[in-house]
Amino acid sequence: MKIGFIGCGSIAKTMAITIREMHNSEIELYAVSARDINKAEEFKREYGGVVAYGSYEELCEDPNVDLVYVATPHSHHYRHTMLALTHNKAVLCEKAFMVNEEEAEACISFAREHKLLLVEAIWTRFMPSRRIVNDLVKSNIIGEISSLSANLGYNLRKVERLLRPELCGGALMDVGIYPLNFALMVFGDDYLRIEASALKTELGVDREDDYTLYYKDRVAHLHCTMSAITDRRGYIYGDNGYIRVDNVNNPHNIRVYDRNYRMLKDITVPQQVTGYEYQLLECNECLKKGLTESISMPLSESLFVMKTLDRIRAINKIKYPME
């Protein structure tokens, strides 16, 4: 699987390092592209690749590229994903998948019509930790579950793309998507209603968000911020104990406690390269098997997440300039 990168930012660098350190002969960083050919050449020299392009169109026209990895800001995901799809390329697009449900629906419809692989790169969906947590929940080790909580926060106040509305800045689309996905992976999609609130910057992007999903007999309390450091933990609460997940952004340790707060299990997740390797491995398998959707993150789920993000933004009156 020869991969072509659209974008050469920080997340693309991590993906490039992942590919290099995987030492997997089936997965190759083949091409990189940027709007500035010098930036693309510099990226290729430092992180690998066979060819560099000064335009995204040139990369998509390269017949050797099997999978296009879209690593540009959220605001550009639709444009760059459609560019790759219209050139008959499979696509792995970074989270948040698109700006809104409308864009997501358009890309999904095109990919399905033309039988092209399209996958959202929300890495926690592909990690072994997901199965570990869900197996613990199904085992009834903490009894009947009634609620969960999850938070994720970093001091990102100087990250320019998160400050700018035209780049779909704010905490929700960048870090808030992880607590949301944590809740959906554990409780599923059949919530009944959402409550949400946000604190905004002077430019109108959200710097902190609280959002709660109410299910028939369960509730998920979620929080994200780009203004402060949080403990990044997820908790699942039952009538006979609770599960603690350290770092919902990239779980590394999972602990189970009984009703007397005694630890029953202390699980360290399998050693990883960066955590990005799991989505690459699944994309490679999808291409080999002729699949057009990921099993770990099907397109219906990506669309549902976008709908939920739209609902949260609507409650908080957050609208991006391109909408």
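Residues numbered from 1 in each chain as written. Predicted model: local features only at pLDDT ≥ 70, side-chain atom pairs only at ≥ 80, totals over all residues. Heavy atoms only, no water.

### What about the overall build of the protein?
So, point 1. Counting secondary structure elements, the protein contains 10 helices and 14 strands.
So, point 2. Radius of gyration (C-alpha) of the protein: 20 Å, near the 20 Å computed for a compact globule of 323 residues.
So, point 3. Within the protein, the proportion of its 323 residues that are buried is 58%.
So, point 4. For the protein, long-range pairs separated by at least 24 residues make up 66% of all intrachain contacts whose partners lie at least 6 apart in sequence.
So, point 5. As displayed, the protein has an accessible area near 14,200 Å², and 47% of this comes from carbon and sulfur atoms.
So, point 6. The protein carries 39 positive and 45 negative side-chain charges, and their two centres are separated by 4 Å. (Helix = DSSP H or I, 4+ residues; strand = E, 2+ residues; numbered from the N terminus. Rg over C-alpha atoms; globule rule 2.2 N^0.38 Å. Buried < 20%, exposed > 50% of the residue type's maximum accessible area, 1.4 Å probe, protein only. Contact = heavy atoms within 4.5 Å. Areas by Shrake-Rupley, 256 points an atom, 1.4 Å probe, with all protein chains shown as cover. Lys, Arg positive; Asp, Glu negative; His and termini not counted. Charge placed at Lys NZ, Arg CZ, Asp CG, Glu CD.)

### Description of the side chain of Asn-100
So, point 1. Within the secondary structure, Asn-100 sits in the loop between strand 5 (90-94) and helix 5 (101-113).
So, point 2. At 3.3 Å, the side chain of Asn-100 and the backbone nitrogen of Glu-102 are in polar contact.
So, point 3. Polar side-chain contacts of Asn-100 include one of 3.0 Å to the backbone nitrogen of Glu-103.
So, point 4. Apart from residues lying up to four places away in sequence, Asn-100 is in contact with Met-306, Asp-310, Arg-313 and Glu-323. (Polar contact = N/O pair within 3.5 Å; in protein donor to acceptor, adjacent residues only side chain to side chain.)

### Side note on empty space enclosed by the protein
So, point 1. For the coordinates displayed, the defined rule picks out three cavities of 30 Å³ or more.
So, point 2. Space inside the largest cavity adds up to approximately 90 Å³.
So, point 3. Mapped onto the lining of the largest cavity, the elements with two or more residues apiece are helix 6 (128-138) and helix 8 (171-187).
So, point 4. For the lining of the largest cavity, the leading source of residues is helix 6, giving four residues.
So, point 5. A class-by-class count of the residues in the lining of the largest cavity yields seven nonpolar, three polar and one charged.
So, point 6. Lining the second largest cavity are Met-127, Pro-128, Ser-129, Asn-250, Pro-251, Val-269, Pro-270, Gln-272 and Tyr-278.
So, point 7. Considering only residue class, the lining of the second largest cavity consists of six nonpolar, three polar and no charged. (1 Å grid on protein atoms, 1.4 Å probe; cavity = no way out; pocket = protein on both sides within 12 Å on 5 of 7 lines; lining within 4 Å. Points joined across faces, edges and corners; volume = space filled by probe spheres on them. Nonpolar A, V, L, I, M, F, W, Y, C, P; charged D, E, K, R; others polar.)

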